[in-house]
Amino acid sequence: MPEGPKNVSVYDFCSNSSTIDGLQFLEDVTSNADEVQRRVLAEILSRSANVEYLQRHGLNGHTDDPETFKKVVPVVTYEDLKPDIDRIANGDTSPILCSQPISEFLTSSGTSGGERKLMPTIEEELERRSLFYSLLMPVLNQFVPGLDKGKGMYFLFIKSEAKTPAGLVARPVLTSYYKSSHFKNRPYDPYTNYTSPNETILCPDSYQSMYSQLLCGLYQNTQVLRVGAVFASGFIRAIKFLEKHWLFLSNDIRTGTLDPKITDPSVREAVMKILEPNPKLADFIEAECGKDSWSGIITRLWPNTKYIDVIVTGTMSQYIPTLEYYSNSLPLVCTMYASSECYFGLNLNPLCKPSDVSYTLIPTMCYYEFLPVNRKNGFNESFSKPVSLNENENQDLVDLVDVKLGQEYELVVTTYAGLYRYRVGDILRVAGFKNKAPQFNFVCRKNVVLSIDSDKTDEVELQNAVKNAANHLLSFDASLTEYTSHADSSTIPGHYVLYWEINLSRETPIPPSVFEDCCFTVEESLNSVYRQGRVSDKSIGPLEIKIVENGTFDKLMDYALGQGASINQYKTPRCVKYAPIVELLDSRVVANHFSPKCPKWAPGHKQWCTEN
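Everything numeric in this text was worked out from a predicted model, so none of it was measured.

Reading the values: the criteria
Residues numbered from 1 in each chain as written. Predicted model: local features only at pLDDT ≥ 70, side-chain atom pairs only at ≥ 80, totals over all residues. Heavy atoms only, no water. Helix = DSSP H or I, 4+ residues; strand = E, 2+ residues; numbered from the N terminus. Buried < 20%, exposed > 50% of the residue type's maximum accessible area, 1.4 Å probe, protein only. Contact = heavy atoms within 4.5 Å. Areas by Shrake-Rupley, 256 points an atom, 1.4 Å probe, with all protein chains shown as cover. Pairing = 2+ DSSP bridges. Axes fitted to C-alpha atoms, helices over the stretch in contact; angles between N-to-C directions. Phe/Tyr/Trp six-rings, centres within 6.5 Å; stacked < 30°, edge-to-face > 60°. Lys NZ or Arg CZ within 6 Å of the ring centre and 35° of its normal. pLDDT = per-residue confidence, 0-100.

## A few points about the overall build of the protein
Looking only at helices and strands, the protein features 23 helices and 22 strands. Across the 612 residues in the protein, those meeting the buried criterion constitute 56%. In the protein, the share of contacts with a sequence separation of at least 24, taken over all contacts with a separation of at least 6, comes to 71%. Carbon together with sulfur atoms contributes 50% to the accessible area of the protein, which is approximately 25,200 Å² in total.

What follows is the structure, given as structure tokens:
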């Protein structure tokens, strides 16, 4: 067995490290994954030996004993931690979860009680994330040489932030990173050499930010070697924005001026440092954008582009056909797997097909455990909602190096920022190994039925929203017989579709305005991440209810039984994705209605707004 690294740490090489250093780091930590993981857990527990949470559970200073840790510290969900997190949010500065001060909260796209989950973080985590980003380029350089000869056109945005009653900032993890000195004052790195000036990324106005980033990307079109956004849905929204505004953008390039709608002074100043009159480029843009077909528009406008860097795993896979249409089937690269809780893994084979993407979990980022998952098979495949585990189930978890090829697991993490044996809610499948470190396919987010962008709507939430909306039918002696849903990504932005089968007790038709009220009530009942996507981010379109013929859901059951489902186990799926089923439902639609307005939304949690 080769000798392990003496002190493999997230600080072992700086963020501008060379390709060789980065690859050697990955080789070291994956070759010695078990040793690194033991050290990471010991480091976390030694720092946190005196925190209230671990004392409460009786760890009693056993900081170098993984078995005692696993015996006395329970596997938990967010609901278990919420009372402690609320104490921190309300101003308790004692070491409840972490010995280091909580610097801010990172708001998760997952929700609790309709509000974003709050993940505590510490200053040191920014350094850890910066190191993680610095590993991306060494990996990509092996597959796509010459990226240091040009720029990346990435559409990056900040989102709204709020403050807890104690004054701690609560914001998404990427907003936190983009606003940090690690990003704003980053040293030159070919992976972060973007066409977008920082000022355009940090502009809080989404229209001005998108317009100015597209303008800078178009102006530097021949320098662009890679394009991307965080999610596939966000990149497609940028292309759709271009479809609507290319005449204005080309005019700015032609004249070397900036549209007066861009009023942010820092954005105007940053863009005007780049922009000069270029009539020839403007003619080229107008000629390409003015053609009937936008097939391959990315490679037409940015001819040196080598790949698209976006997340297309999980629910984002629904956007793959659209990306292929716009890009002439450029490689779709998924580089990393991360969440608000922690950054986890890298794709060490970035040019693989989206269906083959696997992430190698980096052993230095946190301490990993894995809860084996057994899924129901068949038409109604599902996962149970995360709950706390009993003592026997706590012992079922396996360590990073002990997972089995082909097995599915739920990810459980212990982090430097104060999460201990926390159920992330992601389901992963072991696809292979890099030395001793496993590589995982992302299977799905546990219990999520609908998602368009960063929103995650589960079955219970959807059921409650539909129940609230169906109350509008009662005054017409009508009731909702059955329903299902679909995330429709054929429109940009995508939107939720509900298929409703109605039972009418009288012949009087229900006015369309009533169904519009139903749409609006569903939206008002959904979580704050969904409502922010509708109101602020404009990443989700108005919800649609499609009324289907009576007997439609009987036809749906017949189809399922014809595909081998058991009649004894069949229940109506609350979300459908399979194209033949969507086609069956659409073929029986008799009317459709959209939400007439946006739901209410404001930054922060409802109780903060009330308290303030």
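## Section: the sheet that holds strand 11 (residues 359-361)
Ordered by their spatial adjacency, eight strands build an open sheet running 9-10-11-16-15-14-12-13, and the pairing between neighbours is antiparallel. Both outer strands of the open sheet, strand 9 (336-338) and strand 13 (398-399), are each paired with one neighbouring strand and no more. Alignment of strand 12 (residues 367-372) against strand 13, held across two bridges, turns out to be antiparallel. From the neighbouring strand, E369 faces strand 13, where its bridge partner is D399. The strands that helix 6 (residues 124-134) touches are strand 9 and strand 10 (343-346); relative to strand 10, the one it contacts most, it runs at about 10°.

## Description of the packing of aromatic side chains
Considering all chains together, one arrives at 22 aromatic pairs under this definition. Every member of this aromatic cluster is reached through a ring pair, and the members are Y337, F344, Y359, Y368, F370, Y409, F440 and F442. Against the face of Y416 rests R128, its NZ or CZ located 3.8 Å from the ring centre. The side chain of K261 reaches across the aromatic face of F248, ending 5.7 Å from its centre.

## Remarks on the confidence of the model for the protein
Per-residue confidence for the protein gives a mean pLDDT of 86, with 90% of residues at or over 70. Considering only residues more than four positions removed or in separate chains, one finds that residues 1-17, a stretch of pLDDT under 50, has 34 contacts. Low pLDDT, under 50, characterises residues 376-387; the predicted model gives this stretch 30 contacts beyond four residues in sequence or across chains.

## Describing the side chain of T360
Tracing the backbone through its elements, the reader meets T360 in strand 11. Discounting residues that sit within four places of it in the chain, T360 has contacts with T30, F344, G345, L346, L348, K434, A437, P438 and Q439.

## Some remarks on the pairing of strand 19 (residues 478-488)
Of all eleven residues in strand 19, eight are buried, a share of seventy percent or more. Across ten bridges, the pairing between strand 19 and strand 20 (residues 495-504) is antiparallel. Note on strand 20: the bridge partner recorded for S485 is L498. Connecting the antiparallel pair strand 19 and strand 20 is a turn made up of six residues.

## With respect to the sheet that holds strand 7 (residues 307-311)
Strand order across the open sheet formed by four strands is 3-6-7-8, with parallel pairing between neighbours. In this open sheet, the two edge strands, each paired with only one partner strand, are strand 3 (151-155) and strand 8 (332-333). Two elements, strand 3 and strand 6 (residues 224-231), share five bridges in a ladder whose sense is parallel. Residue pairing for strand 6: G152 is matched across the bridge by R226. Against the sheet, helix 11 (residues 206-219) contacts strand 3 and strand 6, and its axis sits at roughly 160° relative to strand 3.

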